[in-house]
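Secondary and tertiary structure notes
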Amino acid sequence: MITTYDLLVAHPFLDGLPADQVERLSRWARRAPYRAGTRIFEERSHAQRFWLIREGSVDLQTRTPGRGEIVVETLGPGSVLGWSWMFPPYRWHFSAVTVDPVLSVVLDGVGVRALCRDDPVLGYELTTRFMAVVVDRMQATRARLLDLDEAPA
């Protein structure tokens, strides 16, 4: 049987992380399967966990005046869902809804923050990895906005 530790080791986000650090993270992790159409979290609600997506896809959505909810980005296998658990005031900036069935590993943000506080090397490593995700998503958003500017009116 594949363990939560095995799922963590196999996820690209944690690639190269020392086994002892992955093992400590696994104490705060569990499998999290979802059916298609499941709302994982709601914009502005309390952020206290993050997910490593193994299978399936998740839409990040936001509400806009006059248009309702729009998809900002779709995350697929190998992606990380959620970084708001790292930064006060710990509120989601988007909503997350599964597009199809999803297999993920969910990690408890409070527990992982405590691990990072107690192990600054792990904390630095995870912060660096999460910041790379943030920068990638900002660049992707920038590219989409530039495409909108170039689209004919």
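You'll find the structure just up there.
Residues numbered from 1 in each chain as written. Predicted model: local features only at pLDDT ≥ 70, side-chain atom pairs only at ≥ 80, totals over all residues. Heavy atoms only, no water.

Okay, the pairing of strand β8 (residues 102–108) next. Burial within β8 is extensive, with six of its seven residues counted as buried. Bridging between strand β3 (residues 49–55) and β8 involves six bridges; their strand directions are antiparallel. If you follow Arg49 over to β8, its bridge partner there is Asp108. (Buried < 20%, exposed > 50% of the residue type's maximum accessible area, 1.4 Å probe, protein only. Helix = DSSP H or I, 4+ residues; strand = E, 2+ residues; numbered from the N terminus. Pairing = 2+ DSSP bridges.)

All right, on to the sheet that holds strand β4 (residues 58–64) then. Taken in spatial order, the four strands make up an open sheet running β2-β7-β4-β5, and their pairing is antiparallel. Only two strands of the sheet have a single partner each, and these edge strands are β2 (39–41) and β5 (68–75). Strand after strand, the sheet turns through a mean of 35° between neighbouring axes, direction not considered. Here β4 runs beside strand β7 (residues 95–98); their pairing, made up of four bridges, is antiparallel. Of the residues in β7, the one forming a bridge with Asp59 is Val97. (Axes fitted to C-alpha atoms, helices over the stretch in contact; angles between N-to-C directions.)

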